[in-house]
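Working through the structure, step by step
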Amino acid sequence: MLGVFRERCRKLVWIAIKQSTFLTVNRNRLIQRIFTSYYYLHTFSKPIMTVSFICRGPMKNQTTSAESNSDPGLLVDLAQYPIDAPQSYGYQSLIRVCHRRLKADGVCILPGFLLTQATSRMAEETDRIVDRAFQCRDDHNPYLDTDDPAWPIDHPRRNVQATNLDVLGYDLIAQEDALHNLYNWEPLVDFTRDVLSKPVLYRMADPLAAVTVNVMREGQYQGWHFDEAEITTTIMLQEPEAGGAFEYVPHLRSQEDANYGDVKKVLDGTHSGIRALAVKAGTMVIFAGHFAMHRVTHVEGNRTRYVAILCFKDTPGVMNSPEVQMLFYGKTSK
Ligand SMILES: [Fe+2]
């Protein structure tokens, strides 16, 4: 019922734009401009957020903590990102934008995906368990492989990168916690599936890795690497005071071309295409990390960097190996 009402509100906006703004242009151009304006308003601008607010009722930030934990729909800014309304024009526009950004930049950034109160709640819930995080210290090459002396000593596959971060596994996140509820919310799975253009998507079955929080205190960092997973979904729960920048080079390699020459330039610090993402708390990032090498620079200041990693797979029952579980969580699930 609410969805129908919301759609009617959006149509009224559309009609209002049509009648008030574009009467003097010809019909085809009129239709084109209406679609363009509506698309722009709905996707990027504050005015349409106000309209969505009117259609949806009270601001979600006014809910209590208990409400926002029990109803995952109250964690996400659905006015800006209507992931609970897959039939809506706004949802379809959002998916198209995500497709374009992933294709062009290898990354789709959704600022303010979480409501402010939800972001704070998740950070507070992380504070409560952070002392139980496993200290992951690992030296690896950019491919997360073990060293292979068959390659020349100056080859990227012999390059040693260090990672120094702490990891909270899924087993440490309580079922009533907001992050747990968000991960287990069907519209989030469906939205991620549509962004990735997959016919079906599943939550990861691994009881340690399905949802994790990477914890980085002052001086901690993550070295250059390519992810094993094609796409990674993360949410910044708490920014550090400084440093902790996410740096990456989009489309650095492909299925057909390892592009070792440019990989070496990145490792040497001479590549001109290194980008840095300024990610604020509450931002969701969908990142094609299998083909884009990336790292996190040293964290500075007293505020700990918290990043949640939400794992989805296109086959059911996916688990990490016991070796990988030991590396990242210091234990196995068996
Ligand atoms: Fe990564």
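What counts and how
Along each chain, the written sequence defines residue order, and numbers are assigned to residues from 1. It should be noted that, the model being predicted, local features are given only for residues of pLDDT at least 70 and side-chain atom pairs only at 80 or more, the latter also being counted only at that level, while totals for whole chains, interfaces and linings use all residues. Segments assigned H or I by DSSP are reported as helices when at least four residues long, segments assigned E as strands when at least two residues long, and all are numbered from the N terminus. Residues with at least 20 other C-beta atoms within 10 Å of their own are called buried, those with 12 or fewer are called exposed, and the rest are partly exposed. The C-beta atoms themselves are positioned from the backbone. Arc, as used here, means the arc of the directions from the helix axis to the C-beta atoms. It is the C-beta atoms, placed from the backbone, that decide contacts: two residues are in contact if theirs lie within 7 Å. By the convention used here, strands pair only if DSSP detects at least 2 bridges between them.

What follows concerns unusual backbone geometry. A positive phi angle is found at serine 197, which is not glycine, with a value near 55°. Summarising the element assignment, serine 197 is placed in the loop between helix 8 (186-195) and strand 4 (202-203).

With that out of the way, let us pick up the environment of leucine 75. Examined against the element boundaries, leucine 75 turns out to sit in the loop between helix 4 (65-70) and helix 5 (89-105). Looking at leucine 75, the number of C-beta atoms within 10 Å reads 26, which means it is buried.

Among the residues of helix 9 (residues 260-268), those classed as buried are Val263, Val266 and Leu267. One face of helix 9 carries all of its buried residues, which in axial projection span an arc of 100°. More than 90 degrees from the buried face of helix 9, the exposed residues found are Gly261 and Asp268. Check the buried side of helix 9 and you find it contacts strand 6 (221-225), strand 9 (246-249) and strand 12 (293-296).

The subject of this paragraph is the pairing of strand 3 (residues 161-168). As a general feature of sheets, a regular strand has side chains that alternate between the two faces. As defined by bridge partners, strand 2 (residues 134-140) adjoins strand 3 across seven bridges and the pair is classed as antiparallel. Residue arginine 137 lies in a different strand from strand 3, and its bridge partner there is asparagine 164. Judged from the two bridges that link them, strand 3 and strand 6 form a sheet pairing that is antiparallel. Paired with threonine 163 across the two strands is glutamine 222, which belongs to strand 6.

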